[in-house]
Amino acid sequence: MENKTISRIGVLTSGGDAPGMNAAIRAVVRTCKYYNLESYGIYRGYEGMILNDIRKLETKDVAYILERGGTFLKSARSAEFRTTEGRKKAFDNLQKHNINALVVIGGDGSLTGAHLFFEEFGIPAVGLPGTIDNDLSGTDSTIGFDTACNTAIQAIDKIRDTASSHDRLFFVEVMGRDAGFIAINAGIGSGAAATLIPEKKMPVETLIERLKSRAKAKKQSNIVIVAEGGKSGGAMEISEKVRKILPGYDIKVTILGHLQRGGSPSSFDRLLASKLGVAAVEGLIQGKYDVMAGIINNKVVYTPIKRAIVDDKSVDEDDFRVAKILST
Ligand code: F6P
């Protein structure tokens, strides 16, 4: 499709919600208005495209959402959109509204959907990295990651108070599916005794040694951060192993869970989402299709979606080193 045909842009949020998604939607709608394009909200991600839950958006519809967590367009993980029939239904509904371009805000699964849709039906799409996991290439940070890290650190600070009052060992599980970005940030930022992430297996013996040497250094309380889906198992599993080896420790487990997905976006996420919302619409106008807009070294970059979703972004080796040095 030629870029000159773009007149109506559909915007949707898909997959796990992330703080800053609202700020991104607002930026898309306002940028459309600025360039005299129409914008349409597609509710509940690809589900809404299949069910024709699509409504025209005006500037007033996105007032007072910049600072709100979640996504006012709602989100879903659509099984039907993974089928050819589902995508055909979705395409027919876009046709009904004359929507000829999309901005898809979500994680790797959502962007994969946008890529397939472009390949099959030629609908130009720009993806925006919206996930707390930070596991997309083509951007230094994803929308929601900074807020999720702040939320995790604030929660861990509170756990630290009670851990220290009772000389306890806490295992705190953070989100991140197959990625340890939140875990390593929270580990360094909260002064954890150890951080266990999916990308790097830490044998339980190493953890035990770390705890023993901290005991020698008269550290009476410990916080161990565990990324969900970590190669060594979740926080519950690891705590049980440690309990057997160190029966003298008073061990507790806290799973932070979906708490990390909510809340008002940080200033960093508001800025990132706003810049990327503008970049998405401008990218479409310039004929940049099937790409994800991201920010690297403070500059907007467009990366082919196929490349952005490749799972090759991993926690910086140097972050492990820093975490280790500071945990002694
Ligand atoms: O991808 C974001 C995320 O919060 C992951 O960190 C987590 O594993 C997953 O979503 C949880 O998904 P759901 O909310 O569908 O249980």
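Participant: In this structure, what is going on with the site of the ligand? I would like to understand it.
Facilitator: All residues in the neighbourhood of the ligand are listed as Arg77, Thr131, Ile132, Asp133, Met175, Gly176, Arg177, Glu228, His258 and Arg261. Take Glu228: an N or O atom from its side chain is 2.5 Å from an oxygen atom of the ligand. A distance of 2.8 Å separates an oxygen atom of the ligand from a polar side-chain atom of His258. Relative to its unbound accessible surface of 390 Å², the ligand loses 75% to contact with the protein. Broken down by class, the residue content of the shell around the ligand amounts to two nonpolar, three polar and five charged.

Participant: Which parts of the structure should I look at to understand the domain arrangement of the protein?
Facilitator: By convention, interface size is frequently given as the accessible area that disappears when the constituent parts associate. Domain parsing of the protein yields domain 1 (8–144 + 265–310) and domain 2 (146–262). Between domain 1 and domain 2, the C-alpha centre-to-centre distance is 34 Å. Facing the 14 residues of domain 1 at the interface are 13 residues of domain 2. Summed over both sides, the interface between domain 1 and domain 2 buries roughly 1,100 Å², with carbon and sulfur atoms accounting for 50% of that surface. Applying the counting rule to domain 1 against domain 2 returns one salt bridge. The partner of Arg261 in a salt bridge is Asp17, and the shortest N-O contact between them spans 2.7 Å. Inspection of the region where domain 1 meets domain 2 yields eight residue pairs in polar contact (both at pLDDT 80 or more).

Participant: Sorry if this is basic, but what is going on with the sheet that holds strand β5 (residues 125–129) here?
Facilitator: Across a sheet, paired strands are connected by hydrogen bonds in the backbone, their directions being either parallel or antiparallel. The strand order across the open sheet built from seven strands is β3-β2-β1-β4-β5-β10-β11, with neighbouring strands paired in mixed fashion. Either end of the sheet is taken by a strand with one partner, and the two such strands are β3 (54–57) and β11 (299–304). When the angles between neighbouring strand axes are averaged without regard to direction, this sheet yields 30°. Of the pairings in the sheet, the one linking strand β1 (residues 8–13) to strand β4 (residues 101–106) comprises five bridges and is parallel in character. Following the sheet pairing, Leu12 is matched in β4 by Val104.

Participant: Hey, could you run me through the packing of aromatic side chains in this one?
Facilitator: The geometry of an aromatic ring pair is captured by two quantities: the separation of the ring centres and the angle between the planes. Taken as a whole, this structure holds seven aromatic pairs when the rule is applied. Judged by centre distance (4.9 Å) and plane angle (85°), the rings of Tyr34 and Tyr35 are edge-to-face. For Tyr34, a relative accessible area of 66% translates into the label exposed. Relative to Phe121, the ring of Phe91 lies with its centre 4.5 Å away and its plane at 10°, an arrangement referred to as stacked. Within this pair, whereas Phe91 is found in helix α3 (residues 84–96), its partner Phe121 is found in helix α4 (residues 108–121), the two being separated by 30 residues in sequence. One aromatic cluster is present, formed by Tyr46, Phe81, Phe91, Phe117 and Phe121 through successive ring pairs. We note Lys200 situated over the ring of Phe320; from NZ or CZ to the ring centre the distance is 4.7 Å.

Participant: Could you clarify how one ought to interpret the side chain of Thr139 in this entry?
Facilitator: When you line up the elements, Thr139 lands in the loop between β5 and α5 (145–165). Within the structure, the side chain of Thr139 is placed 3.1 Å from the backbone nitrogen of Ile295, a separation counted as a polar contact. For Thr139, the residues in contact, after removing those within four places along its chain, are Pro129, Met292, Gly294, Ile295, Ile296 and Lys313.

Participant: What's the story with the pairing of strand β10 (residues 291–296) in this structure? I'm lost.
Facilitator: On a regular strand, one side chain projects to one face of the sheet and the next to the other, so that they alternate. With five of six residues buried, β10 is to be regarded as a mostly interior element. Here β5 pairs with β10 via two bridges, running parallel. The residue bridging Val126 from the neighbouring strand is Val291, located in β10. In this structure, β10 lies alongside β11, joined through six bridges in antiparallel fashion. What sits directly across from Ile296, in β11, is Lys299. Turn length for the β10-β11 hairpin, with the two strands adjacent in sequence and antiparallel, is two residues, and the turn residue Asn297 shows positive phi of about 50°.

Participant: For this particular structure, what's the right way to read helix α9 (residues 267–285)?
Facilitator: In an α-helix there are 3.6 residues to a turn, and that puts residues three or four apart on one side. Between its terminal C-alpha atoms α9 stretches 27 Å, which fits the 27 Å expected from 19 residues at 1.5 Å a residue. Of all the positions in α9, only Asp269, Leu272, Ala273, Leu276, Gly277, Ala279, Ala280, Val281, Gly283 and Leu284 are classed as buried. Positive backbone phi, at 85°, marks Gly287, one or two positions downstream of α9.

The rules we used
- Residues numbered from 1 in each chain as written.
- Predicted model: local features only at pLDDT ≥ 70, side-chain atom pairs only at ≥ 80, totals over all residues.
- Heavy atoms only, no water.
- Near = heavy atom within 4 Å.
- Polar contact = N/O pair within 3.5 Å; in protein donor to acceptor, adjacent residues only side chain to side chain.
- Areas by Shrake-Rupley, 256 points an atom, 1.4 Å probe, with all protein chains shown as cover.
- Nonpolar A, V, L, I, M, F, W, Y, C, P; charged D, E, K, R; others polar.
- Domains from an automatic or database assignment.
- Contact = heavy atoms within 4.5 Å.
- Buried area = accessible area lost by both parts, 1.4 Å probe.
- Salt bridge = Lys/Arg side-chain N within 4 Å of Asp/Glu carboxyl O.
- Pairing = 2+ DSSP bridges.
- Helix = DSSP H or I, 4+ residues; strand = E, 2+ residues; numbered from the N terminus.
- Axes fitted to C-alpha atoms, helices over the stretch in contact; angles between N-to-C directions.
- Phe/Tyr/Trp six-rings, centres within 6.5 Å; stacked < 30°, edge-to-face > 60°.
- Buried < 20%, exposed > 50% of the residue type's maximum accessible area, 1.4 Å probe, protein only.
- Lys NZ or Arg CZ within 6 Å of the ring centre and 35° of its normal.
- Expected span 1.5 Å × (residues − 1).

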